[in-house]
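# Structural overview for review
So the chains spell out like this:
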Amino acid sequence: LAGSAVASAPAPMAKTSSAMNAFSAADLPGALAPMGFFDPLGFAEKADEKTLKRYREAEVTHGRVAMLAAVGFLVGEAVEGSSFLFDAQISGPAITHFLQVPDGWDALIITFIGAAEAQRAQIGWVDPADASYDQPGFLRDEYYP
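Residues numbered from 1 in each chain as written. Predicted model: local features only at pLDDT ≥ 70, side-chain atom pairs only at ≥ 80, totals over all residues. Heavy atoms only, no water.

### Examining the overall build of the chain
Selection rule: Numbering of helices and strands runs from the N terminus, with a helix taken as a DSSP run of H or I at least four residues long and a strand as a DSSP run of E at least two residues long. Each residue gets one of three labels from its accessible area relative to the maximum for its type: buried under 20%, exposed over 50%, partly exposed in between, using a 1.4 Å probe on protein chains only. Note on areas: these come from Shrake-Rupley sampling with a 1.4 Å probe, and a residue is covered only by the protein chains present in the view.
A tally of regular secondary structure across the chain gives 4 helices and 0 strands. Buried positions account for 14% of the 145 residues belonging to the chain. Accessible surface computed for the chain: about 11600 Å², of which carbon and sulfur atoms make up 65%.

### Some remarks on the packing of aromatic side chains
Threshold: Aromatic contacts are taken between Phe, Tyr and Trp rings whose centres are within 6.5 Å, Trp giving its six-membered ring; a plane angle under 30 degrees counts as stacked, one over 60 as edge-to-face, and the others as tilted.
Scanning all chains against the criterion turns up 1 aromatic pair. Plain terms: the ring middles of F43 and Y55 are 6.3 Å apart, the flat faces sit at 65° to each other, and that makes the pair edge-to-face. Of this pair, F43 sits in the loop between α1 (2-8) and α2 (49-78) while Y55 is found in helix α2, placing the two residues 12 residues apart along the sequence.

### Looking at the pattern of salt bridges
Here is the rule we go by: In the sections that follow, a salt bridge refers to a side-chain nitrogen of Lys or Arg positioned within 4 Å of a carboxyl oxygen of Asp or Glu.
Inspection of the entire model under this criterion finds 3 salt bridges. Close ionic contact of E49 with K53 constitutes a salt bridge, the shortest N to O distance being 3.5 Å. Residue E49 and its partner K53 are located together in helix α2, separated by 4 residues, close to a single helical turn. The salt bridge partner of R120 is E117, with a shortest N-O separation of 2.5 Å. Of this pair, R120 and E117 both sit in helix α4 (residues 105-124), 3 residues apart, which is roughly one turn of the helix. On the basis of relative accessible area, R120 is assigned to the partly exposed category, the value being 25%. On the accessibility criterion, E117 (35% relative accessible area) is partly exposed. Here the residues in one salt-bridge network are E57, E117 and R120, joined through shared partners.

### Let's talk about a nonpolar patch on the surface
The line we're drawing: The patches reported here contain residues having more than 30% relative accessible area and no salt bridge. Joining distances are 9 Å for like charges and 5 Å for nonpolar side chains (Val, Leu, Ile, Met, Phe, Trp, Tyr).
A contiguous nonpolar patch, built from F98, L99, W105, L108, I109, F112 and I113 and spanning about 760 Å² of accessible area, is present on the exposed surface. Elements supplying a minimum of two residues to the nonpolar patch: α3 (97-100) and α4. Looking at the nonpolar patch, the element that brings in the most residues is α4, giving 5 residues. In this fold, I109 is placed in helix α4.

### Quick word on unusual backbone geometry
Where the residue is not glycine, phi is negative for most of them; where a peptide bond is considered, it is trans in most cases. In this model, A33 is joined to P34 through a cis peptide bond whose omega is 0°. Residue position: P34 is located in the loop between α1 and α2.

### Description of α2
Heads up, the condition is: Here, expected helix span is obtained from the residue count minus one, scaled by 1.5 Å. Contacts are assigned to residue pairs that have any heavy atoms within 4.5 Å of one another.
Taking 1.5 Å per residue, 30 residues should reach 44 Å; α2 reaches 43 Å between its end C-alpha atoms and fits that length. Every buried residue belonging to α2 is among T51, L52, K53, R56, E57, T61 and G76, and all of these are buried. Buried-residue contacts for α2 involve α3 and α4.

### Re the side chain of T61
Summarising the element assignment, T61 is placed in helix α2. Apart from the residues lying within four places of it in its own chain, the contact partners of T61 are E117 and R120.

What follows is the structure in structure tokens.
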């Protein structure tokens with residue numbers, strides 16, 4: 001009786017890649033009709049899943065920084081001379097505002113940026129001690145940028 005139970009039990013299946021669970025760059029968020037997946041320089045053709053996720057994380061991060069910079073310029077121009085910060089002494093075009101900030105504030109800004117980058121690295125990137133010496137800079141498998 002035990003032999004027949006074992007014979008009818010499903011055999012364990014090895015984890016294999018199939019067309020059903022294969023990674024496709026066209027499935028990444030942002031591939032929308034009518035354009036679809038936009039890769040005019042062909043970076044995705046030569047990249048595996050981990051490399052594409054790393055490219056995506058870099059793209060999203062740089063996009064966010066660019067959006068914050070654009071908003072910063074607009075706000076800097078709008079509040080020139082009327083801000084409660086620094087006794088409203090910062091004036092002129094927004095491109096020169098950072099140079100007018102009193103000493104010490106740049107170190108504080110760099111500290112906040114460094115803390116944000118360290119948080120992002122701890123969440124998404126594999127610890128260098130756990131990575132192969134010839135393959136640094138891998139994202140965690142469960143992380144999706």
